[in-house]
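Architecture at a glance
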Amino acid sequence: MSRRVLVLAHTGREESLKAAWEACAQLHASGIIPVMQQSELEDMEGFFGRMEQPVEVLHDHVQLPDVELVMVLGGDGTILRAAELVREVDVPLLGVNLGHVGFLAESERADLAQTVDWIASREYSVEERMTIDVQVWVRGQKIWHTWALNEAAIEKGNRERMLEVVTEVDERPLSSFGCDGVVLATPTGSTAYAFSAGGPVVWPEVEALVIVPISAHALFAKPLVVSPRSRLAVEVLSRTDAQGVLWCDGRRSVDLPPGARVEVTRSVTPVRLARTHQTPFSARLVRKFQLPIHGWRGPVPQSEVVHTGPIPIVRTPRPMAPLHPPQPGDLPPIPQPYAEPAEDSEPPTGK
């Protein structure tokens, strides 16, 4: 059976079109059938001309479940769009970064040929990233239901009006405050909007949810890390007429009138990301953010470890007890003052 890889590109950029053209050619040379969406294939061939190798069209020649992998050419936004596309099927995403930071991408543009080789030889693993389920309620009615890989961000609808909210964890109120918004993020989203708002960086393998207030006018409005089994909620208070807006992954939005309630729980459907090499997350942080690590010496090699013996215990000697215990009537001798003899005094005669 022929192997097929879907190539998804940000066709609004020339660099992405070039990368898509190269990826299709290299996949075909490796014995893999490239697949593209009709609109993106037309954009690419309209820019470079018709390809010599055949490219199948998604939904016309092949369906998503028949695709082995989605090769995403672009930044994190393109990968989020690809995650929407494969939401209902079990197909992993492999990102090639053509953007700025590109935290979700596995490879860089210069590694495109090597990435195709890894795909051809199946030298990649698949990891699952936690997603969140998002519901919006207004006056007891559910008006919106979606999901997010990075975050659900509640923001103020008007620039000049502060949003009044109350946060909730596991059906118990936590705190109310005025703010510019609140970010409810996954570990994957901890390096996105939540990070920009001052939230903590959470390692991808840590199962947790993050709450990050944005410019809150409150004493207790700090980022929080809670259990992945918790139910988070943010209510837009009705004491003002300020409205909000909810954005999920920066791609899907809905207006939040006063009294609206946003509920977030862990979703049962993760996003599957393909990894071509097991790079520690700390190394990815250093590379993506260009963190300074000069002067780092690293752990001591095992051959140079000096094994020491037990720490000696030095005991303080106790004072010796007297030979004869003092009697109740015994008194200590009274010391007598010492006086120097006068120079002209005569020695005693003994009489």
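A few points on the structure. (Residues numbered from 1 in each chain as written. Predicted model: local features only at pLDDT ≥ 70, side-chain atom pairs only at ≥ 80, totals over all residues. Heavy atoms only, no water.)

**As for the overall build of the protein chain**
Put simply, the rule reads: Segments assigned H or I by DSSP are reported as helices when at least four residues long, segments assigned E as strands when at least two residues long, and all are numbered from the N terminus. Accessibility here uses a 1.4 Å probe with only protein chains present; expressed as a share of the type maximum, an area under 20% marks a residue as buried, one over 50% as exposed, and anything in between as partly exposed. In this analysis, two residues are considered to be in contact whenever any of their non-hydrogen atoms come within 4.5 Å of each other.
From N to C terminus, the protein chain includes six helices and 20 strands. Buried residues in the protein chain amount to 43% of all 351 residues. The long-range fraction of contacts in the protein chain, counting pairs at least 24 apart against all pairs at least 6 apart in sequence, stands at 68%.

**A look at the sheet that holds strand β10 (residues 151-156)**
Consider a sheet: its strands pair through backbone hydrogen bonds, and that pairing is either parallel or antiparallel. Quick reminder of the rule: Any two strands between which DSSP finds at least two bridges are classified as paired. Between N-to-C directions, angles cover 0 to 180 degrees, with each direction set by a line fitted to C-alpha atoms, over the stretch in contact for helices.
The sheet built from six strands is open, its strands ordered β15-β14-β13-β10-β17-β18 with antiparallel pairing. For this open sheet the edge positions go to β15 (224-226) and β18 (252-256), each flanked by a neighbour on one side alone. For this sheet, the mean inter-axis angle between neighbouring strands, taken without regard to orientation, is 15°. Taken together, the five bridges between strand β13 (residues 181-185) and strand β14 (residues 209-214) define a ladder with antiparallel strand orientation. Among the inter-strand pairings, L184 is bridged to a residue of β14, identified as I211.

**A word on the pattern of salt bridges**
Side-chain pairs of opposite charge can arise where the charged atoms are in close proximity. What counts, and what does not: By definition, a salt bridge exists where a carboxyl oxygen of Asp or Glu is found within 4 Å of a side-chain nitrogen of Lys or Arg.
In this structure the tally under the stated criterion is 20 salt bridges. Of the charged contacts in the structure, one is a salt bridge between R122 and E68, with a shortest N-O distance of 3.9 Å. On the criterion of sequence distance, the pair formed by R122 in the loop between α4 (112-120) and β7 (125-129) and E68 in the loop between β3 (56-57) and β4 (69-74) is long-range, its members being 54 residues apart. Taking the shortest distance from any N to any O, the salt bridge between E168 and R261 comes out at 2.7 Å. Taken together, the positions of E168 in strand β11 (residues 163-169) and R261 in strand β19 (residues 261-266) put the pair 93 residues apart, joining distant regions of the chain. The residues E168 and R261 share a single accessibility class, namely buried. Among the charged side chains, a network of salt bridges with common partners joins E168, R231, E235, R261 and E263.

**Looking at the nonpolar core**
Selection criterion: Put simply, buried Ala, Val, Leu, Ile, Met, Phe, Trp, Tyr and Cys residues joined by side-chain atoms within 4.5 Å make one nonpolar core.
Within the largest apolar cluster, 30 residues are counted, with the highest numbers of intra-cluster contacts made by L246 and L256. Considering each element in turn, this core owes the most residues, four residues, to strand β8 (residues 132-138). The contacts of L256, once residues within four sequence positions are left out, are V136, I154, V236, Q243, G244, V245, L246 and V262. Membership of the second largest hydrophobic core comes to 27 residues, among which are L17, V55, L73 and Y124.

**Focus: the packing of aromatic side chains**
Using the following cut-off: Note on aromatic contacts: the rings of Phe and Tyr and the six-membered ring of Trp form a pair at centre separations within 6.5 Å, being stacked when their planes are under 30 degrees apart, edge-to-face when over 60 apart, and tilted otherwise. We count a charge as sitting over a ring when the NZ of a lysine or the CZ of an arginine lies within 6 Å of the ring centre and within 35 degrees of the ring normal.
Counted under the stated rule, the structure contains six aromatic pairs. One aromatic cluster is present, formed by F103, F195, W203, F281 and F289 through successive ring pairs. For R87, the ring lying beneath its charged end belongs to W147, and the centroid distance is 4.0 Å. Over the aromatic face of W147 sits the side chain of R252, whose NZ or CZ is 5.2 Å from the ring centroid.

**Topic: the sheet that holds β11**
Read from one edge to the other, the open sheet built from six strands follows the order β9-β8-β19-β16-β11-β12, with strand pairing classed as antiparallel. Unpaired on one side and paired on the other, β9 (141-148) and β12 (172-179) mark the two borders of the sheet. Neighbouring strand axes in the sheet, compared pairwise and without regard to direction, differ in orientation by 20° on average. Note: β11 against β12, seven bridges, orientation antiparallel. Along β12, the bridge assignment pairs V169 with R172.

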